[in-house]
Amino acid sequence: MKSLFTSLTSPNSTHLVYIAAIYLFCSAAAAVTQELLTGFTATPNPTVATFQPLLSDPTNTFSLSFLRVNRNQLALAVIHRPSGEPLWQANTTRLARWSEPTRLEFNGSLVVSDTYTGVFWSSNTKGDRVLLSNSSNLQILKGLGGSGSISLLWQSFEFPSDTLVENQNFTTSMALISSNGLYTMRLGSDFIGLYAKFNPDKFQIYYKHRALEAKAQIIEGKGPIYIRITSDGYLGMYQNGSIPADIQTFNSYQRSVPGIRRIRIESDGNLKGYYWSGSDWVLDYQAIPEPCDLPSPCGSYGLCKPGASNGCSCLDNRTEPRDGECYPGQTGDFCSIQNDKFRVLRRTGVELPYKELMSYVKTASLEQCEKSCEENCTCWGAVYSNAFGLCYFVDYPIQTLVAIGDESKVGYFKVREGSGRKMKVGLGIGIGILCGAILVLLGAASFGAFKIWKGNRIANRYLDEEEIVAPGSYKDLRSSSSGSIELSNR
């Protein structure tokens, strides 16, 4: 027994070899490569719940990964590993499936495909290797190093999705698009703009930050502008040189922070900035601090009351918002015969949250403003200011309006016929079943009542006939004859 215990607890060369082999095996399984060469392939692991790292940066802070989406779908993404937050995603029109037919390969191009659907996304390059920098920039390079030259063919920093990270240049040819596809950030000649896509072919600007040009001027014809997040905690706008033409400071301005900084266009349309604290993402900046100034905080046909704890209600003053909406979302216009029917909803004391960025005309009266919208099949509504005679037209499906105390501002809104309060599917089915049961019960009760009434009527008829033939005086006979005439006319 002693010898057995000693052999198990005393290290010897054999045990050391076993331990080393196990360690190397586990290390190899846990390690993620820092370079992809041509011929690399990977398929999704069915046991992974969140993301599957495929390529790591030198600090192991970021990884190119399969990101699990909606439980059974897959996106190719650059992930911030400590938080699991995606900083970049390949721009695909549809997501691949999280299953074995889906694969990532590097054959000079990074390609996501499966055997049934074909190619979901490709970098369309002819490179030799793939690297991930310590700033989260995914790069495809030509050349393997050594004595040969190396050239950069493609980088994810030039194709952002919804996020911009520290020291990443964002130019006029790029766009940040929210995860739901409704909101976009773009640059103009001297401004940052946020746009909403409330109709498939139209963008409405709802936020515009123009350069203050305090320290540097933006000169027309001297090149496009670009913006960049700096380590000092601000979003700078540049044209040429290192001096910014404009800065938007974060809460942590000129303070060092533990981790990376980033901004993201959110699914509510706001542009927010964050920094990594070492354990969480800390909110550091908001382009639109007031919720009622967002493009649609209370959904379609909603009404937002500034400063209220529960500031959302509905324009019709009767419906309660459900699932963030007062009415189901609408698209298109009223120009086709199938969609030209509408009813009118009016509300006083309202205004558009970004009216200074919308077009308007001067009209002599509210009636003229309303008539102009009524006769325009692309117009969904209008807001009129009696004080100045300004008529603001809304050429997209009605979103959230802002409640104000000025009753001279009046809203005129078209509601497509057939639009009603949005109902949850389960609730709708339940109500349908309940109504059906009630109708069945009412039908059975009506049928029973009819049978009882019919039986009583027949019985009364027999009684009346017996009274007619019964012996009596002439006066009674005349009265009975009258009764028989009434019966025959029934």
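In this text, all values refer to a predicted model and were calculated from it rather than measured experimentally. Going along each chain's sequence as written, the residues are numbered from 1 onward. At least 70 in pLDDT is required for a residue's local features to be given in this predicted model, at least 80 for side-chain atom pairs to be given and counted, and no such filter applies to totals for whole chains, interfaces and linings, which use all residues. Heavy atoms from the whole structure form the basis of all side-chain values; hydrogens and water molecules are not counted.

Q: Requested: an account of the packing of aromatic side chains, with residues and values cited.
A: Paired rings are identified among Phe, Tyr and Trp, the last through its six-membered ring, by centres lying within 6.5 Å, and are further divided according to the angle between planes into stacked (under 30 degrees), edge-to-face (over 60) and tilted (the rest). Counted under the stated rule, the structure contains 17 aromatic pairs. Between Phe 334 and Phe 342, the aromatic rings sit 5.3 Å apart at their centres with planes inclined by 65 degrees, giving edge-to-face as the arrangement. Looking at Phe 342, the relative accessible area reads 23%, which means it is partly exposed. Their ring planes at 55 degrees and their centres at 4.5 Å tell us that Phe 334 and Trp 380 sit as a pair that is tilted. You can see Phe 334 sitting in the loop between β27 (312-314) and β28 (342-348) and its partner Trp 380 sitting in the loop between α3 (366-374) and β31 (381-385), a full 46 residues away along the chain. In this scheme, a residue with accessible area under 20% of its type's maximum is buried, one over 50% is exposed, and one in between is partly exposed, where area comes from a 1.4 Å probe on protein chains only. Put simply, DSSP marks the helices as runs of H or I at least four residues long and the strands as runs of E at least two long, and each gets a number from the N terminus on.

Q: Could you give me a rundown of the pairing of strand β10 (residues 118-122), with the residues and numbers involved?
A: By this definition, two strands are paired if DSSP reports at least two bridges between them. Sheet topology note: the strand β9 (residues 110-114)/β10 ladder contains four bridges and is antiparallel. Counted as the bridge partner of Val 111 is Ser 122 from β10. Taking the residues between adjacent antiparallel strands as the criterion, β9 and β10 are bridged by three residues.

Q: Give me the lowdown on the state of the cysteines, citing residues and values where you can.
A: By convention in this document, the label disulfide applies to cysteine sulfur atom pairs within 2.5 Å. Applying the stated rule across the entire model yields six disulfides. A disulfide bridge connects Cys 292 with Cys 304, and the sulfur atoms are separated by 1.9 Å. With the S-S bond torsion at -75 degrees, the cross-link from Cys 292 to Cys 304 turns out left-handed. With Cys 292 in the loop between β25 (281-286) and β26 (302-304) and Cys 304 in strand β26, this residue pair connects regions lying 12 residues apart in the sequence. Considered together, Cys 292 and Cys 304 belong to a single accessibility category, that of buried residues. The disulfide partner of Cys 314 is Cys 326, and the gap between their sulfur atoms is 2.0 Å. Taking the sign of the S-S torsion, -90 degrees for the link of Cys 314 and Cys 326, the bridge is left-handed. In this pair, Cys 314 sits in strand β27 while Cys 326 sits in the loop between β27 and β28, placing the two residues 12 residues apart along the sequence. Taken individually, Cys 314 and Cys 326 each receive the classification buried, so the pair is uniform in this respect.

Q: Give me the lowdown on the nonpolar core, citing residues and values where you can.
A: Residues grouped as a nonpolar core are buried Ala, Val, Leu, Ile, Met, Phe, Trp, Tyr and Cys residues, joined through side-chain atoms within 4.5 Å. Core analysis: the biggest nonpolar cluster contains 52 residues, and Met 185, Tyr 206, Ile 227, Tyr 301, Leu 315, Leu 401 and Phe 413 have the highest contact counts within it. When contributions to this core are tallied by element, the ones reaching two or more residues are β17 (183-187), β18 (191-199), β19 (202-210), β20 (226-229), β21 (234-238), β23 (261-265), β32 (390-394) and β34 (409-416). Tallying contributions element by element places β18 first for this core, with four residues. Any two residues having at least one pair of non-hydrogen atoms within 4.5 Å are treated as being in contact. Other than its neighbours up to four places away in sequence, Tyr 301 contacts Cys 314, Leu 315, Cys 326, Tyr 327, Leu 345, Trp 380, Ile 398, Gln 399, Phe 413, Lys 414 and Val 415.

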